[in-house]
Amino acid sequence: MTGTPRTLAEELRTRTDSGLIGLLRARPDLLNPVPGDVTQLATRAGTRASVARAVERLDRFALQTAEALAVAPDPCPYETLGALMAGDAGDEAVAAELPRAVAELRAQALVWGPDDRLRLVRTARELLTPSATHPSPTGLGPTVVEATAGMSPGRLQDIIATAGLPATHDPVTAVAALTALFSDRTRMTALLDTAPADSVGVLDKLLWGPPYGAVTDRPAPHLQWLIDRGLLLPAGARNVVLPRETALHLRAGRAHHTPEPVPPALAPLTERDPHLVDNAAASQAFTALSTIEELLKEWDLGGPSVLRAGGMSVRDLKRTATGLDTTEQLAAFWLELAYAAGLVGSDGEADERYAATPAAEQWLELPDHERWAALVAGWLSATRTPGLVGSADPKGRTLAALGPHLDRSPAPEVRRRALALLAALPPGASVPATAILDRLGWERPLRGAGAPQPADTPPDAASAPPAGSDLRFRLAQWTLAEAELLGVTGRGALATHARALIDTEPAAEIPTPAETHTAAARAAALLSPRLPEPLDHVLLQADLTAVAPGPLHRPLAEALGVLADIESKGGATVYRFTPASVRRALDAGRSAAELQDFLTTHSRTPVPQPLSYLIDDVARRHGQLRIGAAAAYVRCDDDALLSEILADRRAAGLRLRRLAPTVLAAQTSPDQLLDGLRSMGYAPAAESASGDVLIARADSYRTPPRTAPAPVPEGPPSPDATLLEAAVRAIRAGDLAATAERKPVHAPGPATGALPRTTSAETLATMQAAVLTGAAVWIGYVNADGAASQRVIAPVRVEGGFVTAYDHTSDEVRTYPLHRITGVAELADDAV
């Protein structure tokens, strides 16, 4: 095709395959379903929903360029656009970046046409053009032509006469004369030089928007001076508006208050030793593993109940936060992190509650670095946003941890982009969080915008709303905090191992879950040498405590956790031995001798005598009383001990009575009887029906197999290269069928443009000739449902009343019954 394209479809036809692939990759919504030809592609690219989605993905300068085109003449020469962006004085940075912005708008099919006739697609112009109900970020108002529509001819003549212009014969030339005056820098300057100071002050207030103002029935003299000369035009019964041409003159030609051709710098830079950053990140990564492990241990026998509406109650969240020794907001983060990794979930029972999943057992057995990789991979891909826990949804309902309505589709993109910005800094370097937020706001100014700009703020000076009201900004803030908790960053800088997690390219696509897990595994392999080595020993002390100077091997930590209570955590964990904790170990089936051997084996210091006495003393009394199931009973070889229990007033609630000298019966359950006697200071043991001691080893409660929650995508998935190439081939083929030039058909039939009509003999002869020559032909075809269509085919074989051919329209080989072909015509020689 030669000449200037007249439509977007014509321009798309001139693009190379790589150009169309770039468009479909940037706007994947255009692929669902695959357009039948270029005309359908152009039509879909101009729909309001698709254009709005594409505009949202523009960076601030590209968006400012599109906004300038929306207030420029249509079509707009490149020089006019440059003057709107840079102003009369010019701006080297704007001039340098404007070609890039126009190229981006062209690549996304938001702008088309040559440089001397740039056109913003109609839907984008409707979205971005200023109006009374939809102010433009430029702060500009309507043109003189738009503002004077419907004004009486007499009033127009009065305005141009007061402005010093000669009278005209009709309203059109009057409006044109007024527009020419306001667009002429010299004449406008002379006119404004005669304006009262108060009038100039009014113009200054409306200059950067909003351009509308209220007036009374009798405007003040300085306002009347502006109204009489058309510098303020009517915009309703009691409102006036500053015409666009007047505002541009006062702005020295600039459409925006502050063009932002380059992104905000990531500064000021704070540089640290990369080794210190990596060590801090590794320490925090290990803390994250310990916290999740502790959470799973807390829920080993089952977690809190699930609310009827889904999620955890506030009380259960507080209880979990207390167990983890953290705040409720951080507890929500750890819960959501474990949920995203598939480690916790609901059991699905009638009385539904949360618990660890079978995957948690496998996770606990993995090496530390692999466990970290699973957590980070789940975090990077998750659309669930724990930072929202405790806030209210649009209906006023409080959002609960692990509950519904926490998904925010932009979360994965924001996380990766925030980390990519940190990765672009030198190793060990960090910048303030505000610098990251400013850059993200420049890259996607319209994504997740929450609050409008204040009326007295230049609308384009900071296109993004304040961080507190913008979801994207809040997601970035949460990302930086969560990355520090996970050990992805250390002291605000990206750790060396975390650089393997992300791509620094701004336009990089969101990776698939498999790619995310692969990247997390690479990062974990780099992290592994920095994680602390587990220890196989503790230090016993005379005050009935044991100090673990570092992380312990999991079997040792579990055994010690049964024998002693954790008193404090930190760089070293302090365990305290108590009669209750020793009895817990004896209930789990350990003997006193085994406990003594365990401590001797795993202590670098001798076992203190007080600890040995404690174990022996508790073991001597342990099991002296036996509890079994009658309703419940107590038996003991020492009948004096049973008499002591019967005489104790604290045993009244157990309702005991003597059945024999060595047996007491109780009107309560065995569990209640055990707890009651233990609270009285005794050390009873439960026994089975055969009289054997029951070992109180708790069985872990697990949910049925559960998968991690699937992220909620923000839009259609990014197409892969194979799909893009196939889609472009199909579009080209359909376009060939729709636009190929046909030779005239010399046969009776409808006018040109209808289905070709030929006799059966002519159809068969033309098909056979096409098979021999390999030529493509144009056919009319009616399917079994009676639907007629036109197709371009290359016949391969004709036999048995059927023609087998390659169909250029559907890009596949198909077979057509000859009796359903209405006619056939040869294509022009240069059509294919």
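Before reading further, recall that the structure is shown in the block above.
Attention in this report is confined to the structure presented alongside it. (Residues numbered from 1 in each chain as written. Predicted model: local features only at pLDDT ≥ 70, side-chain atom pairs only at ≥ 80, totals over all residues. Heavy atoms only, no water.)

### Focus: the pairing of strand 22 (residues 788-799)
Note the threshold: When DSSP locates at least two bridges between a pair of strands, those strands are taken to pair. Helical segments are the DSSP runs of H or I of at least four residues, strand segments are the runs of E of at least two, and each set is numbered from the N terminus.
Sheet analysis places strand 21 (residues 777-782) next to strand 22, joined by six bridges and oriented antiparallel. Paired with Ile779 across the bridge in strand 22 is Arg791. Direction of pairing for strand 22 relative to strand 23 (residues 802-807): antiparallel, over a ladder of six bridges. Counted as the bridge partner of Ile793 is Asp807 from strand 23. Hairpin connection of strand 22 to strand 23: two residues between the antiparallel strands, including Gly800 at a positive phi of 60°.

### Some details on the packing of helix 16 (residues 274-298) against helix 17 (residues 314-324)
Cut-off, in case you're wondering: Think of each axis as a best-fit line through the C-alpha atoms, taken over the contacting stretch in the case of a helix, with angles from 0 to 180 degrees between the N-to-C directions. In what follows, roughly perpendicular refers to angles from 65 to 115 degrees, roughly parallel to angles under 35, roughly antiparallel to angles over 145, and oblique to any angle outside these ranges. Each crossing gets its hand from how the near helix is turned against the far one by less than a right angle, where anticlockwise is left-handed and clockwise is right-handed. Note on definitions: a residue-residue contact is assigned when non-hydrogen atoms from the two residues lie within 4.5 Å. Only Asp, Glu, Lys and Arg are considered charged, only Ala, Val, Leu, Ile, Met, Phe, Trp, Tyr, Cys and Pro nonpolar, and every remaining residue, Gly among them, polar.
In contact at an axis separation of 10 Å, helix 16 and helix 17 are set at 125° when each is read in the N-to-C sense. Classified by the interaxial angle, the pair formed by helix 16 and helix 17 is oblique. As helix 16 runs across helix 17, the sense of the crossing is right-handed. In contact with Thr291, Glu294, Leu295 and Glu298 of helix 16, helix 17 contributes Thr320, Gly323 and Leu324. Per-class residue counts for the contact of helix 16 with helix 17 are two nonpolar, three polar and two charged.

### Focus on a negative patch on the surface
Here is the rule: The patches described consist of residues with a relative accessible area above 30% and no salt bridge, like charges being joined within 9 Å and nonpolar side chains (Val, Leu, Ile, Met, Phe, Trp, Tyr) within 5 Å. A 1.4 Å probe and the Shrake-Rupley method give the accessible areas. Residues count as covered only by the protein chains that appear here. One speaks of a salt bridge when a side-chain nitrogen belonging to Lys or Arg is within 4 Å of a carboxyl oxygen belonging to Asp or Glu. In this charge count, Lys and Arg are treated as positive and Asp and Glu as negative; neither His nor the chain ends contribute. The location of each charge is read from NZ of Lys, CZ of Arg, CG of Asp or CD of Glu. Burial classification: accessible surface area is computed with a 1.4 Å probe over protein chains only, and a residue below 20% of its type maximum counts as buried, one above 50% as exposed, and the rest as partly exposed.
On the surface, Asp637, Asp638, Asp639 and Glu644 cluster together to form a negatively charged patch. On the secondary structure map, Asp637 appears in the loop between strand 17 (632-635) and helix 29 (639-647). What makes Asp637 exposed here is its relative accessible area of 75%.

### Structural notes on the packing of aromatic side chains
Our working definition: Aromatic rings from Phe, Tyr and Trp, with only the six-membered ring used for Trp, were paired whenever their centres fell within 6.5 Å, and each pair was classed as stacked if the ring planes differed by under 30 degrees, edge-to-face if by over 60, and tilted otherwise. Charge-over-ring contacts are defined here by two conditions on Lys NZ or Arg CZ: a distance within 6 Å of the ring centre and an angle within 35 degrees of the ring normal.
On inspection of all chains with the given rule, the structure shows three aromatic pairs. Lying across the ring of Trp363, Arg371 places its NZ or CZ 4.8 Å from the centre.

### Examining the nonpolar core
Using the following cut-off: Here the nonpolar core consists of buried residues drawn from Ala, Val, Leu, Ile, Met, Phe, Trp, Tyr and Cys, with membership extended through side-chain atoms lying within 4.5 Å.
Within the largest apolar cluster, 86 residues are counted, with the highest numbers of intra-cluster contacts made by Leu24, Leu81 and Leu232. Excluding anything up to four places from it in sequence, Leu24 contacts Leu30, Leu31, Leu41, Pro719, Leu724, Ala727, Val728 and Ile731.

### With respect to helix 13 (residues 197-206)
Filter applied, for reference: Think of it as the arc spanned by the lines of direction from the helix axis to the C-beta atoms.
Listed as buried for helix 13 are Ser199, Val202, Leu203 and Leu206. The arc that holds every buried residue of helix 13, seen down its axis, measures 100°, which confines them to one face. In this structure, helix 13 carries Ala197, Asp198 and Lys205 as exposed residues pointing more than 90 degrees from its buried face. Next to the buried residues of helix 13 lie helix 12 (185-193), strand 3 (212-214), helix 14 (221-228) and helix 15 (244-250).

### Overview of empty space enclosed by the protein
Operational definition: Cavity means a closed set of points on a 1 Å grid over the protein atoms alone, one where a 1.4 Å probe fits but cannot get out, pocket means an open set with protein on both sides within 12 Å along at least 5 of 7 lines, and lining means a residue has an atom within 4 Å of a point. Grid points are joined across faces, edges and corners, and a volume is the space filled by probe spheres set on the points.
According to the stated counting rule, one finds two cavities of 30 Å³ or more in the structure shown. Counted as a void, the largest cavity has a volume near 60 Å³. Lining the largest cavity, in full, are Phe333, Glu336, Leu337, Ala340, Trp379, Ala382, Arg384, Pro386 and Arg415. Top element by residues in the lining of the largest cavity is helix 18 (residues 328-340). It accounts for four residues. Partitioning the lining of the largest cavity into residue classes produces six nonpolar, no polar and three charged. Reported here for the second largest cavity is a volume of approximately 40 Å³. Around the second largest cavity, the lining residues are Thr385, Pro386, Ala411, Arg415, Leu475, Trp478, Thr479 and Glu482. Going through the elements one at a time, helix 21 (411-423) and helix 23 (471-486) are the ones with two or more residues in the lining of the second largest cavity.

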